[in-house]
Amino acid sequence: MLRKFSHAFGNLSISNKFLAALSLVLIFGLVSIAANLYITDYEKDLRDDFEESRQEIQLAYSLGVTVQRARYTETQAEILYLTLGTEESVPYVTDVIAIMEDAEEILEELKSSQGQDEAERETLDNIAETISVYKTTVNLLYKDYILVRGGEDTGFGGDLIDTLDAIGTYGVVDITDMRVLLITYLKHFSPDALMRLPKQFTALQTAIEEADLPDAERDELLALVDKARTQFVNLINGDTDIAEAFFTLSDTSAVVDTLVTEFIQNESEQQAEARELANDAADLRNTLTPITTAASLFFGLLAVYLLSQSIARQINNLADASRQIAGGDYSQRVKVSTTDEIGQLGTSFNEMVDKIEAREAELRQQAVELRIATAKAREATRLKSEFLANVSHELRTPLNAIIGFSDMLLMGMSGELNEKQSHKVNRLRENGTRLLDLVNDVLDLARIEAKRVEITHKPFSPRELAAHLTAQMEVLAQEKRLDFETIIDPSLPQTIMGDAKRIEQVIVNLLSNAVKFTETGSVSLKLNGNGSQDTWCICVQDTGIGIPPHAHDLIFEKFRQVDGSSSRTYTGSGLGLAISRELVQAMGGHIQLESQVDAGSTFTVILPLHTQPALLQSQLEQVRN
């Protein structure tokens, strides 16, 4: 029966085979999923109950710990009060208040949790009520008793000390011993001091009555003694109130502790019950899941087996042919024996191989042609660079002659020129100079492209270079009424290794651009050292027109400017920055640009910092390689 079913299954189209196998798997899969979903949902509800119980018991334990901490702090406050007086116990009493506020927050969180029965809510209400009573007692102890009783400088104690000091200011009696006794009682509750102080008051009064004093002064002193007695009585009564408050606190905190302990025990029992129910549900799921999964797996494997047997042979033929073709054997073809989807795939595969074989031959021919074209392009580039270098060099001689003869005419060596003639000769000289600068830039660019630029590595002084450039560029800045500033980092070495001529060329290009594109404001040159990274920086900053973000990379390209139109405001060849970047890279450095339109630009050149020729030479060789 299985063979007949397999044969019938094999005669189906591939789409129908997959549909039949998928239907069989889906039927048993859905049954398995439905059973698992039911038991999983049941288990989830039980797990949620357990998790909720666990969170509640964690809060309950936190509440218990907080109450225990309050009781411990309360005990410390009482001990400090009895041994060192009220002033030392005040921080602990305030800590008790803060701790009980924490306990109230935990209690509110407990009361807001779900799943509590009426008995639990009643217990939480009792705990909240007892904590409220406890807080009221602590506040009463702190504000109405301890602060009022005070110590040596505050409260009843402070007032009594002040009264005794007032008596002592009369100089009739010595209150030193009495003051010492009082301070001893305030801080340590000495029974001996408490017994001796009333006698001290009596002796003080007797001494005043027997002293030879004017009646008015004696009456003032006796009134102060009566005041001191009253303050002493208030002090004793305050100590009694404080002791009673501490006893009340201890009893109340014990009640809170008992209620919280009972609540924790009840929550622990509920958590254990929830855990047991959740475990039973997990056991049930663990039993049903393997059964349903095994049934789905069996029928799924049966369908996969029948399907794989039907199409595996043709797929293997396709795979073998693919491997041989991947190895370069484009004569290989797939044998097509069926007209189903795999047969159609085999036919398309053979057609694809025919096209790949033809394309491969075409690509080989194109590769040969491309290599020839590349060689020609390289040779053309080389000839162009050599031509530019030679032509630029030949152009410099007549241009220098034009500039020289113009200078001679302006100097009057061939006779005085009138104003109109001087103007025209001046125009001739300026345009010749501009053309010579352009030729020099083209010559530099041609040499760079032909890799004929030599970078020399000699010691030079960056400070002397800066002074030379400042003298050269200040004239241009003054012509446009711009401020020019040169700043040199004191940490920069006196002498460094490098090509001073090329560095000067880069700086002059950057400063010339800064002056050219700045109408108002300032231009600055800064030389900074960075010994930690073995580099030094050349920073040229201006307050000119700035460069838009999209042109930050564009301006470093050859013959490119931000405004390249024939009617542009600022003239130039567009080679200065391109040459500067090439020279900086040839020296092992790089250029950074920061700019904002209408706010100015900052060009920063970062170069290697070396004071030893060997180290610089080694680093530049690595850059070239």
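Since we're looking at a predicted model, the values are computed, not measured. (Residues numbered from 1 in each chain as written. Predicted model: local features only at pLDDT ≥ 70, side-chain atom pairs only at ≥ 80, totals over all residues. Heavy atoms only, no water.)

Further remarks concern the side chain of Gln505. Within the element layout of this structure, Gln505 appears in helix α12 (residues 500-516). Within the structure, Gln505 has its side chain in polar contact with the side chain of Arg502 (distance 2.8 Å). (Helix = DSSP H or I, 4+ residues; strand = E, 2+ residues; numbered from the N terminus. Polar contact = N/O pair within 3.5 Å; in protein donor to acceptor, adjacent residues only side chain to side chain.)

Quick look at a nonpolar patch on the surface now. On the surface, a nonpolar cluster with roughly 500 Å² of combined accessible area is contributed by Leu22, Leu26, Leu30, Ile33 and Leu37. Among the secondary structure elements, Leu37 is positioned in helix α2 (residues 14-84). (Patch = residues over 30% accessible without salt bridge, like charges linked within 9 Å, V, L, I, M, F, W, Y side chains within 5 Å. Areas by Shrake-Rupley, 256 points an atom, 1.4 Å probe, with all protein chains shown as cover. Salt bridge = Lys/Arg side-chain N within 4 Å of Asp/Glu carboxyl O.)

Within the structure shown, the criterion is met by two aromatic pairs. Consider the rings of Phe201 and Phe232, whose centres lie 5.6 Å apart with planes at 50°: the pair is tilted. Residue Phe201 is located in helix α7 (residues 191-210), and its partner Phe232 is located in helix α8 (residues 215-326); the two are separated by 31 residues in the primary sequence. Its relative accessible area of 3% is what places Phe201 among the buried residues. (Phe/Tyr/Trp six-rings, centres within 6.5 Å; stacked < 30°, edge-to-face > 60°. Buried < 20%, exposed > 50% of the residue type's maximum accessible area, 1.4 Å probe, protein only.)

For the pair α12 and helix α13 (residues 576-586), the least separation of the axes is 10 Å and the interaxial angle reads 150°. With respect to their mutual orientation, α12 and α13 come out roughly antiparallel. As α12 runs across α13, the sense of the crossing is left-handed. In this structure, α12 uses Arg502, Gln505, Val506, Asn509, Leu510 and Asn513 to contact α13, whose residues at the interface are Gly576, Leu577, Ile579, Ser580, Leu583 and Val584. Its residues assigned to classes, the contact of α12 with α13 shows six nonpolar, five polar and one charged. (Axes fitted to C-alpha atoms, helices over the stretch in contact; angles between N-to-C directions. Parallel < 35°, antiparallel > 145°, perpendicular 65-115°, else oblique. Left-handed = near helix turned anticlockwise from the far one by under 90°. Contact = heavy atoms within 4.5 Å. Nonpolar A, V, L, I, M, F, W, Y, C, P; charged D, E, K, R; others polar.)

Glancing now at the pattern of salt bridges. Inspection of the entire model under this criterion finds four salt bridges. Where Arg229 meets Asp226, a salt bridge forms, and the shortest distance between an N and an O atom there is 3.6 Å. Remark: Asp226 and Arg229 occur in helix α8; sequence separation between them is three residues, near one turn of the helix. Given the relative accessible area of 25%, Arg229 is considered partly exposed. The class of Asp226 is partly exposed, set by a relative accessible area of 42%. In this structure, the salt-bridge partner of Glu519 is Lys480, at a minimum N-O distance of 3.6 Å. Of this pair, Glu519 sits in the loop between α12 and β4 (522-530) while Lys480 sits in the loop between α11 (462-479) and β2 (483-488); the two residues are 39 residues apart in sequence, bridging distant segments of the chain. Overall, Glu519 belongs to the partly exposed group, its relative accessible area being 46%. Exposure remark for Lys480: the relative accessible area of 26% places this residue in the partly exposed category.

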